[in-house]
Amino acid sequence: MDVQGVVKTAAEYDYVGFYREGLAIVSKKDKYGFIDRFNNVRIPLTYSSASAFRNGRAIVEQNDKIGMIDRNGHLVFDCIYDDLSSVSEGLAYAQLDDKYGYYDTDGTIMIPHNFDDAYDFMNGKAKVEQDEKQGFIDKEGKFVVRPCHEKIDEYYDTLYTFFQDGFYGIMNHNCQIFIEPKYDYIGNPLKGVAVASIDDRVVYLDTLGRIIIDNGYETYPNFMLKGAFEGETAIIYKDGKYGRINIRNKEITNPKFENIGSGDTYYPGKINSHWGLFDKNNKAVVSALYHSVQLVDDKYLIASVNDTVAVLDITGKVIVPSLYEEIELLNENHFLVKQKGKMGVYEDTKLVVPVLYDQIGLFDKDFLFLSRSGVLEYYFIPGQRIISKNDNE
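Here the structure is a predicted model, which is why all the values come from computation and not from measurement.

A. A look at the state of the cysteines. Counted under the stated rule, the structure contains one disulfide. Paired by a disulfide, Cys148 and Cys175 hold their sulfur atoms 2.3 Å apart. Its S-S torsion of approximately -85° makes the covalent link between Cys148 and Cys175 left-handed. With Cys148 in strand S16 (residues 143-149) and Cys175 in the loop between strand S19 (167-172) and strand S20 (177-183), this pair connects stretches of sequence that are 27 residues apart. When its relative accessible area of 12% is taken as the criterion, Cys175 is described as buried.

Below, the structure is given as structure tokens:
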């Protein structure tokens, strides 16, 4: 397809993935390869599986073994490995003969296969496992934290959480214990505060592991995520009701909700078995009438009633009517709708792609790709029109 949206070639595939680094995964008869933005096959469909390109490399599988290719389809790693990661900070881990090592982007081994398990490098360090204990190495393969506990994770600066005898504590990089293992859970500090649990109550720790908030809040499902200070607020639970606190330990929403969702400017809340939307002053901006709601970008509310879903704005105005089984946001003002196994697209309040397609996804900022019975078509967003093979014949 050229810049005017004219289809240069048409291809039929069982699956078309999203474009990453200019190439998209396609499959036909259980074989995978890659096409470019003009539908040209750039890497033949010879693999039994493939991942999207990341930093110029893609993981592929052949004969139950894993390898890695570059954008020209050349094998950087032969398909001989049992496990292989994407490249992270210039290194990828690989498993061979039950042991893990690390390679550079050209497939040269940099750290020998000495480990029972391995993880991606982050900030110059990678977690590894030896003899059922975890530690951290640098990019030369030297231990910065020797394997000393069955589970170790970074906490803050030179401090690490560790797991021992069923509980979590905090230690330094020399495995010296700062906080004895007594917690059921310790999260990472966000904005200098970490959510933790001890004896079925939720507390908050500073960057040194000291308790700074302990108001008798109780644990609840997914408190590890919803109770963390991802933004300016965290969700609390007490006496069977949900509320919110800010990072200064002030209850800004009294525990009165049956359930509550995350959000600073707006947040979903459940009252009398129904969900609505509330602002930061706890005023209802969308009445609690729905069986479930999802707040998207502080701009839209995907809300369900019975077995159908609608999209509302934050004033309660209907954007997409309650006719569909599923709805998701594609970009700033385009919604993917699903009904009886078929997909369509709304642009704001207008249905611009009929609900006839098997697969729809973003091609780039100006195009959506549409797949129906293995045939590719495109929706040209600026021109608001569907382009098919017949347009070019």
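Having seen the structure, we can now continue with the description.
B. Region of the structure containing the environment of Met171. Here Met171 shows up in strand S19. Spatially, the C-alpha atom of Met171 lies 46 Å from that of Val285, the residues being 114 residues apart in sequence. Not counting chain neighbours up to four residues away, the residues in contact with Met171 comprise Val145, Cys148, His149, Ile152, Thr158, Leu159, Tyr160, Phe162, Gln176, Ile177 and Phe178.

C. Region of the structure containing the packing of aromatic side chains. Under the definition given, this model contains 22 aromatic pairs. For the ring pair Tyr81 and Tyr103, a centre distance of 5.7 Å and an interplane angle of 75° mean the geometry is edge-to-face. Taken together, the residues span a long stretch of sequence, with Tyr81 in strand S8 (residues 75-81) and Tyr103 in strand S11 (residues 99-103) at a distance of 22 residues. When sorted by exposure, Tyr81 lands in the same class as Tyr103, which is buried. Aromatic ring contacts, followed pair by pair, group Tyr185, Tyr220, Phe223, Tyr237 and Tyr242 into a single cluster. Directly above the aromatic system of Tyr242 lies the positively charged group of Lys226, at a separation of 5.8 Å from the ring centroid.

D. Spotlight on the sheet that holds strand S2 (residues 23-28). Read from one edge of the open sheet, four strands run S1-S2-S3-S4, paired in antiparallel fashion. Looking along the sheet, the strands with just one partner apiece sit at the ends: strand S1 (15-20) and strand S4 (41-47). With direction set aside, neighbouring strand axes in the sheet form an average angle of 20°. Two strands pair when backbone bridges link them, and S2 and strand S3 (residues 31-35) are joined in this way by five bridges, in the antiparallel orientation. Within S3, the position partnered with Val26 by the bridge is Gly33.

E. A negative patch on the surface, seen in detail. A contiguous patch of negative charge, built from Asp131, Glu132, Glu150 and Asp165, is present on the exposed surface. Note that Asp131 resides in the loop between strand S14 (125-130) and strand S15 (133-137).

F. Representation of the sheet that holds strand S5 (residues 49-50). Spatially, the four strands line up as an open sheet ordered S5-S6-S7-S8, and their pairing is antiparallel. Since the sheet does not close on itself, it has two edges, and those belong to S5 and S8, each with one partner.

Thresholds applied
Residues numbered from 1 in each chain as written. Predicted model: local features only at pLDDT ≥ 70, side-chain atom pairs only at ≥ 80, totals over all residues. Heavy atoms only, no water. Disulfide = S-S within 2.5 Å. Helix = DSSP H or I, 4+ residues; strand = E, 2+ residues; numbered from the N terminus. Buried < 20%, exposed > 50% of the residue type's maximum accessible area, 1.4 Å probe, protein only. Contact = heavy atoms within 4.5 Å. Phe/Tyr/Trp six-rings, centres within 6.5 Å; stacked < 30°, edge-to-face > 60°. Lys NZ or Arg CZ within 6 Å of the ring centre and 35° of its normal. Pairing = 2+ DSSP bridges. Axes fitted to C-alpha atoms, helices over the stretch in contact; angles between N-to-C directions. Patch = residues over 30% accessible without salt bridge, like charges linked within 9 Å, V, L, I, M, F, W, Y side chains within 5 Å. Areas by Shrake-Rupley, 256 points an atom, 1.4 Å probe, with all protein chains shown as cover. Salt bridge = Lys/Arg side-chain N within 4 Å of Asp/Glu carboxyl O. Lys, Arg positive; Asp, Glu negative; His and termini not counted. Charge placed at Lys NZ, Arg CZ, Asp CG, Glu CD.

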